[in-house]
Amino acid sequence: PLSVWRLAQDGVLLREGSAGQTLYVVRSGSLKCQKTLEDGYEQVLALALAGDLLGFESLHGARRPCSAIALEDCTVYALPTTELRDLAQRAPALDAALRAGLSRQLARATDTTEIMAAVSSDARLARFLLRLETLPMVKDATFGGSSVAPTLVETDQTSGNVTPGTIDLFLDWR
């Protein structure tokens, strides 16, 4: 059955390389999805916010490609994949919501690929912040007790690069 899990800040929801049998929906809070590279560097691949799905690789029996770690206290719904078919039949609205959530995340993956394709780190940061501030749950969100400013990004009109003030704001916000 559906259960609710609570994670404290820095709590680990998913461990990279572990077998997964549960799909998670973030109810509140935020998590970072990170992969540890061969040299030990921890690469953040995505942020998961309220409404996002995590662990969808468990739908086809794959191992977790990355870890998911709470950036703040979080609450998630846990759906065992062995029970999804039965849950979908009993609650068609849940099935539709899961499909819509997966679709949103596929679209976001395309956006992330575009962001990361930028040559300069300033351009990648600007694209990331512009994308982040369009998410409805971020407009009035707080992360680690700090408020996200209504407009996060200023860019140079001629080069399109992030202004130094935006980079400082981002570093203060983290």
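As the structure is a computational prediction, the values presented were derived from the model and not from experiment.

Draft legend 1. Quick look at the side chain of Arg64. By the secondary structure assignment, Arg64 is in the loop between strand 6 (53–54) and strand 7 (67–70). With relative accessibility at 5%, the residue Arg64 sits in the buried group. Setting aside its immediate chain neighbours within four residues, Arg64 contacts Leu14, Arg15, Glu16, Gly17, Ser18, Gly20, Gln21, Thr22, Tyr24, Gly55, Glu57 and Ser58.

Draft legend 2. Main features of unusual backbone geometry. Unlike most non-glycine residues, Asp10 shows phi in positive territory, near 75 degrees. Tracing the backbone through its elements, the reader meets Asp10 in the loop between strand 1 (3–7) and strand 2 (12–14).

Draft legend 3. Spatial organisation of the nonpolar core. Formed by 15 residues in total, the largest nonpolar core has its most connected members in Leu13, Tyr24, Leu31, Leu54 and Ala68. Looking at this core, the elements that each hand over two or more residues are strand 2, strand 3 (22–28), strand 4 (31–36), strand 7 and strand 8 (74–80). Tallying contributions element by element places strand 8 first for this core, with three residues. Non-local contacts of Tyr24, meaning those with residues more than four positions away in its chain, are made with Trp5, Leu13, Leu14, Asp52, Leu53, Leu54, Arg64, Val76, Tyr77 and Ala78.

Each value, and the rule that gives it
- Residues numbered from 1 in each chain as written.
- Predicted model: local features only at pLDDT ≥ 70, side-chain atom pairs only at ≥ 80, totals over all residues.
- Heavy atoms only, no water.
- Helix = DSSP H or I, 4+ residues; strand = E, 2+ residues; numbered from the N terminus.
- Buried < 20%, exposed > 50% of the residue type's maximum accessible area, 1.4 Å probe, protein only.
- Contact = heavy atoms within 4.5 Å.
- Core = buried A, V, L, I, M, F, W, Y, C linked by side-chain atoms within 4.5 Å.

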